[in-house]
Amino acid sequence: MSAAARITDIGPPDFKQFLPPVLLKNYGKWDYHEIVEPGVLKHVAFGGDEIYSVRIASARLHSTAWIERVLQIADKYCDGYLRWTTRNNIEFLVSDKAKVQPLVKELKSKGYMVGGTGKGITNIVHTQGWVHCHTPATDASGVVKAVMDDLADYFTGVKTLPAKLRIALACCLNMCGAVHCSDIAILGVHRKPPRIDHAAIKVQCELPTVVASCPTGAIKIKPKEGTVEVNQPRCMFCGNCYTMCPAMPLADKEGDGIAILVGGKISNARSMPKFSKMIIPFIPNEPPRWPQVVKVIRHLVEVYASHAKKHERMGDWIERIGWERFFDLTGIPFDMKCIDDFRLAQNTLRNSPSFKW
Ligand code: SF4
Ligand code: SF4
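Structural notes, computed from the coordinates. (Residues numbered from 1 in each chain as written. Chains lettered and ligands numbered in written order. Predicted model: local features only at pLDDT ≥ 70, side-chain atom pairs only at ≥ 80, totals over all residues. Heavy atoms only, no water.)

### Description of the packing of helix 9 (residues 291-307) against helix 10 (residues 314-321)
Okay, so step 1: The contact between helix 9 and helix 10 brings their axes to 11 Å, and the two run at 65 degrees. Comparing the axis directions of helix 9 and helix 10 gives the class roughly perpendicular. In this structure, helix 9 meets helix 10 at a crossing whose hand is left-handed. Contacts between helix 9 and helix 10 involve L300, V303, Y304 and H307 from the first element and M314, W317 and R320 from the second. (Axes fitted to C-alpha atoms, helices over the stretch in contact; angles between N-to-C directions. Helix = DSSP H or I, 4+ residues; strand = E, 2+ residues; numbered from the N terminus. Parallel < 35°, antiparallel > 145°, perpendicular 65-115°, else oblique. Left-handed = near helix turned anticlockwise from the far one by under 90°. Contact = heavy atoms within 4.5 Å.)

This is the structure in structure tokens:
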């Protein structure tokens, strides 16, 4: 693929220019794929054609210089054809089998992590964090970097797990990071209601919109004063009001931190999806390396690795042994703040002990 066909030069929409010829030839006719080695997948078409994808870890935020270096490698080994996966990995699409091992060798020699396939940990899906969203209770990229640095062996295949393990991070309850359906979820939580700047709210905010933004009905207009009040026991610290009204910030150094949830997964052909459940209500923010979060995640991974059966996802393992045994095995103290589920949202969003302590 020529440099002119890169994503930055898209002209008329024509997805075909981004597909290697072998993918185009076999469009919709792919039979199966297999993992040749950690980070290398072979995809086979019904007619016997093959293409390899070589996966490396990648961050969500890059410099253009970093991307340019990756593109140069792609030009050298796979005519520039590469793609980003939903978990921010990069996959080089190699049509020539003879180029797979030289590509892997060059990637490793330059410090790229090849892996993220099979029974291990692939990249962490995460949100914006302190980089640019307005309601985060924690950072995203920084926490993910610290956790993945610690778990690198599970990405590269040096260590394996009973089944794949998906970790996700969302930096507030809005959960842009799909944490509710991941094996281990790192969730930013606020613990204090919004503060109201009564002078600013009069000029910055439309009061009926602010009231309507609250999912628990906790905000009431004070007509005489031209401001609002928050019924604090009803507040679940979601930050929706701040989205509508910059005069109601709720970020707080002591109040903000991280909760850990486990046991979620999306569905496959053999089992039902599961929602993750809270096991640790609060860990304070500890930039730049988040030592407590890193330690807890590693501990959870290791306990799961040594007790789950082959092919058993974390949620399936916990369901088999029971939550009581899970708390025993991990040594994590059970707390009433952990009693929650997402099934009765209308009720639990207002009353859940997890979200309003
Ligand atoms: Fe913003 Fe919340 Fe999404 Fe994080 S999870 S990016 S704070 S809306
Ligand atoms: Fe309502 Fe959420 Fe604002 Fe609390 S933080 S007052 S629950 S909108």
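From this point, the discussion proceeds with the structure in view.
### Notes on the packing of aromatic side chains
Okay, so step 1: Enumeration according to the criterion identifies eight aromatic pairs in this entry.
Okay, so step 2: Taken together, a centroid distance of 5.9 Å and an interplanar angle of 75 degrees make the contact between W317 and F326 edge-to-face.
Okay, so step 3: You can call W317 buried: its relative accessible area is 0%.
Okay, so step 4: The structure contains a cluster of three or more aromatic residues connected by ring pairs, namely Y304, W317, W323, F326, F327 and F334.
Okay, so step 5: The positively charged end of R191 is found above the aromatic ring belonging to F282, 3.4 Å away from the centroid. (Phe/Tyr/Trp six-rings, centres within 6.5 Å; stacked < 30°, edge-to-face > 60°. Buried < 20%, exposed > 50% of the residue type's maximum accessible area, 1.4 Å probe, protein only. Lys NZ or Arg CZ within 6 Å of the ring centre and 35° of its normal.)

### Examining helix 10
Okay, so step 1: Within helix 10 the residues assigned to the buried category are M314, G315, W317 and I318. Each buried residue of helix 10 lies within a common arc of 160 degrees when the element is viewed along its axis, so the set occupies one face.
Okay, so step 2: The inward-facing, buried residues of helix 10 contact strand 7 (184-189), strand 10 (257-262), helix 9 and helix 11 (323-330). (Arc of directions from axis to C-beta.)

### With respect to the site of ligand 2
Okay, so step 1: In the vicinity of ligand 2 lie 13 residues, with C214, C235, C238, G239 and C241 positioned nearest.
Okay, so step 2: Partitioned by chemical class, the residues of the shell around ligand 2 number 10 nonpolar, three polar and no charged. (Near = heavy atom within 4 Å. Nonpolar A, V, L, I, M, F, W, Y, C, P; charged D, E, K, R; others polar.)

### Some points on the pairing of strand 8 (residues 219-222)
Okay, so step 1: One ladder, built from four bridges, connects strand 8 with strand 9 (residues 227-230); its direction is antiparallel. When the sheet's bridge partners are listed, K220 is paired in strand 9 with E229. (Pairing = 2+ DSSP bridges.)

### A look at helix 11
Okay, so step 1: By the burial criterion, the buried members of helix 11 are F326, F327 and T330. The arc that holds every buried residue of helix 11, seen down its axis, measures 95 degrees, which confines them to one face. Set apart from the buried face of helix 11 by more than 90 degrees, the exposed residues are E324 and D328.
Okay, so step 2: Following helix 11 by one or two positions, G331 has its phi on the positive side, about 75 degrees.

### A closer look at the side chain of R313
Okay, so step 1: Residue placement: R313 occurs in the loop between helix 9 and helix 10.
Okay, so step 2: Of the polar contacts made by the side chain of R313, one reaches the side chain of D183; its length is 2.8 Å.
Okay, so step 3: Excluding its chain neighbours within four sequence positions, the residues that come into contact with R313 are A163, K164, R166, D183, G264, K265 and Y304. (Polar contact = N/O pair within 3.5 Å; in protein donor to acceptor, adjacent residues only side chain to side chain.)

### Description of unusual backbone geometry
Okay, so step 1: A cis amide bond, omega 10 degrees, links P287 with the succeeding residue P288.
Okay, so step 2: Examined against the element boundaries, P288 turns out to sit in the loop between strand 11 (277-284) and helix 9.
Okay, so step 3: Despite not being glycine, F237 shows a phi value in the positive range, around 65 degrees.
Okay, so step 4: With respect to the helices and strands, F237 occurs in the loop between strand 9 and helix 8 (240-244).

### Some thoughts on the side chain of T127
Okay, so step 1: Here T127 is to be found in the loop between helix 3 (100-109) and helix 4 (141-150).
Okay, so step 2: T127 sits in the buried class, given a relative accessible area of 5%.
Okay, so step 3: Among the polar contacts listed, one links the side chain of T127 to the backbone nitrogen of C171, at a separation of 3.1 Å.
Okay, so step 4: In this view, T127 contacts R60, A140, L169, A170, C171, C176 and G177; residues no more than four positions away in its chain are not counted.

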